[in-house]
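Below, each chain spelled out in residue letters.
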Amino acid sequence: MQLTRHLDANATLVSLIEPLALRDGYSPTGLPGVQVLRASCDVARGPHIYEPSLMIIAQGSKLAFLGPRTMEYGAGHYLIQALPVPFECETFASEDLPLLGVAISIDRGVLGELVLAMGLDPERSSVAQTPESMTSAVLDDEMRQAVERLLRCLHDPLECRIMGRARLREVLFAA
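Remember, it's a predicted structure, so these values are computed and weren't measured experimentally. (Residues numbered from 1 in each chain as written. Predicted model: local features only at pLDDT ≥ 70, side-chain atom pairs only at ≥ 80, totals over all residues. Heavy atoms only, no water.)

## Considerations on the overall build of the protein chain
Thought 1: Regarding its fold elements, the protein chain presents 5 helices and 10 strands.
Thought 2: Within the protein chain, the fraction of its 175 residues that count as buried is 45%.
Thought 3: A sequence separation of at least 24 residues applies to 76% of the contacts in the protein chain between residues at least 6 apart.
Thought 4: In the form shown here, the protein chain has an accessible surface area of approximately 9300 Å², with 56% of it arising from carbon and sulfur atoms. (Helix = DSSP H or I, 4+ residues; strand = E, 2+ residues; numbered from the N terminus. Buried < 20%, exposed > 50% of the residue type's maximum accessible area, 1.4 Å probe, protein only. Contact = heavy atoms within 4.5 Å. Areas by Shrake-Rupley, 256 points an atom, 1.4 Å probe, with all protein chains shown as cover.)

## Notes on the sheet that holds strand β4 (residues 53-59)
Thought 1: A sheet is described by the order of its strands in space; here 6 strands give the open sequence β1-β2-β9-β4-β7-β10, paired in antiparallel fashion. The open sheet has two edge strands with one neighbour each: β1 (25-28) and β10 (134-138). In this sheet, neighbouring strand axes are inclined to one another by 25° on average, regardless of whether the strands run parallel or antiparallel. (Pairing = 2+ DSSP bridges. Axes fitted to C-alpha atoms, helices over the stretch in contact; angles between N-to-C directions.)

## Let's talk about the environment of M134
Thought 1: Within the secondary structure, M134 is located in strand β10.
Thought 2: Given a relative accessible area of 0%, M134 falls into the buried group.
Thought 3: As a C-alpha pair, M134 and P52 span 82 residues in sequence and 9.1 Å in three-dimensional space.
Thought 4: Among all residues touching M134, those that are not within four sequence positions of it are A64, L66, R69, M71, L79, I80, Q81 and F87.

## Thoughts on the pattern of salt bridges
Thought 1: Here the structure, examined in full by the defined rule, presents 7 salt bridges.
Thought 2: A salt bridge links D141 to R144; the shortest N-O distance between them is 3.3 Å. Of the two residues, D141 and R144 are both situated in helix α4 (residues 141-154); the distance of 3 residues between them amounts to about one turn of the helix.
Thought 3: With its nearest N and O atoms 3.9 Å apart, the salt bridge here joins E159 to R167.
Thought 4: Accessibility expressed as a relative area gives 26% for E159, which makes it partly exposed. (Salt bridge = Lys/Arg side-chain N within 4 Å of Asp/Glu carboxyl O.)

Given below as structure tokens:
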């Protein structure tokens, strides 16, 4: 399985993740709470549990299975893991087109600050909302650009030290 419709739009993300993800698996970056991910082959469906995080996939694809729900997240999508719940996941990748992604921990303190700063929108609060512990979302241009800025900052230690937390906050806001 390969989500191809967003590969061109993700070319910059791929070029920014590739030099940071030198091996298969998760690799830490210069910014706490941010890891890059690489998988060079398919990974069969198996159990997982993620801490609250955003998983942005630039290349390749994954399927997450949570009870009866199946969520596809790959190039052009990202997974929002709001609560640490067990689920199953399957990865689709190859040596020629490895899965490349970035995992961003959700800092509850920053998230709380953002929610308070945004206030309540009367139009949105009147619509009943049921929170989901996990969902897949489309990687729109605003989110893609915020993630690109975060990844660019990871390539420059000075920028990462000075702007890294602000870039994380921007990604959470965009999500």
